[in-house]
Amino acid sequence: MLASAIQSIETIIVDLPTIRPHKLAMHTMQNQTLVIIRVRCADGIEGVGESTTIGGLSYGNESPDSIKTNIDRHFAPLLIGQDGANINAAMQRLDKVIKGNTFAKSGIETALLDAQGKRLGLPVSELLGGRVRDSLPVAWTLASGDTAKDIAEAEQMLDLRRHRIFKLKIGAGEVNRDLAHVIAIKKAMGERASVRVDVNQAWDEAVALRACRILGENGIDLIEQPISRNNVSGMVRLNASSPAPIMADESIECVEDAFNLARVGAASIFALKIAKNGGPRAVLRTAAIAEAAGIGLYGGTMLEGGIGTLASAHAFVTLNKLMWDTELFGPLLLTEDILQEPPHYSDFELHVPKAPGLGLNLDEERLAYFRRDKSTVSVSHA
Ligand code: MUC
Ligand code: MG
């Protein structure tokens, strides 16, 4: 048997508390659920990955439960016994048989990269061709649902030198109230911060035509996914008329979506998410399409914990241009994580580790405490 053959794949659902409710157009998060993936190889190397979404099935086509079931029942049998050191062969084997399921694929690809980095003594960023920076500016999402609270939170982030880019979650409320909320926050921030909005597909095109104009005229720097991913021609029209640039997020559910959006001119910025492309290598294919088409790049998140966040960061630090920075703040929304050392944020940036693999270590006690099936595991949390 190959020394680096994959011996086992374990999937663990973990429920973690958040610092406050996080209100999106389609769902209010009261906590966050991660799916942690451990791939063990015959040479004793173990890689970890993460497949995380938002709000069960309210954001995308995969839920934590479907991710776990599909990896356990459909991915693992295809991978056990295969060479864990050949990531191309392993991922192509999955792609041949398994349609979609990019969140699950992303967690697996991440775990294989982490394992291979540990095997070769290289950070994942170097396996991806080499980093061109060591840290990434990080936006914060204001989503308490209350204007005064959001302004106070933004002021605190500026004081702490943690964030000076703010994304506001709108779309759940009445449009004029949402616009007043955004304009009040932009007024309070002035030139001290970049203010952007994410509508999470909530508007129809007629509302979006007017709202995008008002947002652009009031200094909003970017409008993310104003309308449904299904209204591609509407996105094309908005992208042509809006004074603030339009970013595609939910519109991209795979690398091929990115190509089709670029072809028709549906957005001038793409949100890059490892979960929606199938992993850190896959997301770089979408980045290449965007670069070739002259579309700006933004490092997105599915509000992953430390593992998914660092997996994304290792991919993003290899990019030539990341004009719109990133929103890799997921770990900061959690009051607890399952890593020995949390990701390091300072001076408005996330610093990307240089240790082999993703550069992180699981905290086994915390993992045992927060795993959903902990009744079967007898380790207590300190
Ligand atoms: C999304 O739609 O972009 C990213 C940041 C945040 O607050 O929510 C996510 C999902
Ligand atoms: Mg979004």
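In the block above lies the structure referred to throughout.
Treat the numbers as computed from the prediction; the structure is a model and nothing was measured. (Residues numbered from 1 in each chain as written. Chains lettered and ligands numbered in written order. Predicted model: local features only at pLDDT ≥ 70, side-chain atom pairs only at ≥ 80, totals over all residues. Heavy atoms only, no water.)

A. Layout of the overall build of the protein. Helix and strand counts for the protein stand at 14 helices and 13 strands. Against the globule reference of 21 Å for 382 residues, the protein gives a C-alpha radius of gyration of 20 Å, in line with a compact fold. If you line up the protein on its principal axes, its C-alpha atoms span 65 × 50 × 35 Å. Expressed as a percentage of the 382 residues in the protein, the buried residues total 57%. Counting only contacts in the protein whose residues sit at least 6 apart along the sequence, the fraction spanning at least 24 positions is 72%. For the protein, the exposed surface amounts to about 14,800 Å²; the carbon and sulfur share of it is 50%. Looking at charge distribution, the protein has the averaged site of its 40 positive side-chain charges lying 3 Å from that of its 46 negative ones. (Helix = DSSP H or I, 4+ residues; strand = E, 2+ residues; numbered from the N terminus. Rg over C-alpha atoms; globule rule 2.2 N^0.38 Å. Buried < 20%, exposed > 50% of the residue type's maximum accessible area, 1.4 Å probe, protein only. Contact = heavy atoms within 4.5 Å. Areas by Shrake-Rupley, 256 points an atom, 1.4 Å probe, with all protein chains shown as cover. Lys, Arg positive; Asp, Glu negative; His and termini not counted. Charge placed at Lys NZ, Arg CZ, Asp CG, Glu CD.)

B. Representation of the site of ligand 1. Taken together, the neighbourhood of ligand 1 is formed by 15 residues, with His22, Thr141, Lys167, Asp198 and Asn200 sitting nearest. Lysine 167 has a polar side-chain atom sitting 2.9 Å from an oxygen atom of ligand 1. At a separation of 2.8 Å, an oxygen atom of ligand 1 approaches a polar side-chain atom of asparagine 200. In isolation ligand 1 has 280 Å² of accessible area, and contact with the protein removes 100% of it. The two domains that each donate at least three residues to the shell around ligand 1 are domain 1 (6–121 + 361–372) and domain 2 (127–351). (Near = heavy atom within 4 Å. Polar contact = N/O pair within 3.5 Å; in protein donor to acceptor, adjacent residues only side chain to side chain. Domains from an automatic or database assignment.)

C. How the structure looks around the sheet that holds strand β11 (residues 296–299). Pairing in this open sheet of seven strands is parallel, and the strands run β5-β6-β7-β8-β9-β10-β11 from one edge to the other. Bordering the open sheet on either side are β5 (140–142) and β11, each of which pairs with just one other strand. Direction aside, neighbouring strands of the sheet carry axes that sit 30 degrees apart on average. As paired elements, strand β7 (residues 194–198) and strand β8 (residues 222–224) share three bridges and run parallel to each other. Residue valine 197 lies in a different strand from β8, and its bridge partner there is isoleucine 223. (Pairing = 2+ DSSP bridges. Axes fitted to C-alpha atoms, helices over the stretch in contact; angles between N-to-C directions.)

D. The arrangement of helix α7 (residues 205–217) in detail. The end-to-end C-alpha separation of α7 is 18 Å, in line with the 18 Å expected for 13 residues at 1.5 Å each. What α7 keeps buried is the set Glu205, Ala208, Ala211, Cys212, Ile214 and Leu215. The elements touched by buried residues of α7 are α6 (175–189), β7, β8, α8 (232–241) and β9 (246–248). Just past α7, the residue glycine 219 takes up positive phi, approximately 85 degrees. (Expected span 1.5 Å × (residues − 1).)

E. Here's a closer look at the side chain of aspartate 150. Along the chain, aspartate 150 falls in helix α5 (residues 147–159). Notably, aspartate 150 is buried but unbridged: the nearest opposite-charge side chain belongs to arginine 20, and the N-O separation is 5.8 Å. (Salt bridge = Lys/Arg side-chain N within 4 Å of Asp/Glu carboxyl O.)

F. Broad picture of the sheet that holds strand β12 (residues 344–346). Strand order across the open sheet formed by three strands is β4-β13-β12, with antiparallel pairing between neighbours. Edge positions in the open sheet fall to β4 (135–137) and β12, since each of these has one partner strand only. With strand direction ignored, the average angle separating the axes of adjacent strands in the sheet is 25 degrees. Where β12 meets strand β13 (residues 349–351), three bridges bridge the pair, whose relative direction is antiparallel. Bridge pairing in β13 places serine 346 opposite glutamate 349. Those strands touched by helix α12 (residues 306–316) are β4, β12 and β13, and its axis lies near 95 degrees from that of β13.

G. Main features of the coordination of the magnesium ion (ligand 2). Distances from the magnesium ion (ligand 2) to its protein donors, Asp198 (OD), Glu224 (OE) and Asp249 (OD), fall at 2.0 to 2.2 Å. In the primary structure, the donors to the magnesium ion (ligand 2) are separated according to the pattern D-x25-E-x24-D. Within this pair, whereas glutamate 224 is found in strand β8, its partner aspartate 249 is found in the loop between β9 and α9 (255–264), the two being separated by 25 residues in sequence. Like glutamate 224, the residue aspartate 249 is buried in the burial classification. (Donors = N, O, S within 2.8 Å, 3.2 Å for Na, K, Ca; no water.)

H. Highlighting the packing of helix α1 (residues 64–79) against helix α3 (residues 102–120). Across the interface, α1 lies against α3 with an axial gap of 10 Å and an inter-helix angle of 55 degrees. One element, α1, and the other, α3, form an angle in the oblique class. Here α1 runs over α3; the crossing is right-handed. Contacts from Ile67, Ile71, Phe75 and Leu79 in α1 reach Phe103, Ala104, Lys105 and Ile108 in α3. Residues that form the contact of α1 with α3 fall into these classes: seven nonpolar, no polar and one charged. (Parallel < 35°, antiparallel > 145°, perpendicular 65-115°, else oblique. Left-handed = near helix turned anticlockwise from the far one by under 90°. Nonpolar A, V, L, I, M, F, W, Y, C, P; charged D, E, K, R; others polar.)

I. Layout of helix α11 (residues 280–293). For α11, which comprises 14 residues, the first-to-last C-alpha distance of 20 Å matches the rise-based estimate of 20 Å (1.5 Å per residue) to within 8%. For α11, the set of buried residues is Pro280, Arg281, Ala282, Val283, Leu284, Thr286, Ala287, Ile289 and Ala290. Glycine 294 lies just past α11 and shows a positive phi near 75 degrees.

J. Focus on the packing of aromatic side chains. Applying the stated criterion to the full structure yields two aromatic pairs. With a centroid separation of 4.9 Å and an interplanar angle of 90 degrees, the aromatic rings of tyrosine 369 and phenylalanine 370 are classed as edge-to-face. Residue phenylalanine 370 is classed as buried on the basis of its relative accessible area, which comes to 10%. Over the face of the ring belonging to phenylalanine 348 we find arginine 164, whose NZ or CZ atom lies 4.0 Å from the ring centre. Geometry around tyrosine 369 places lysine 374 over its ring, the cationic atom sitting 5.6 Å from the centre. (Phe/Tyr/Trp six-rings, centres within 6.5 Å; stacked < 30°, edge-to-face > 60°. Lys NZ or Arg CZ within 6 Å of the ring centre and 35° of its normal.)

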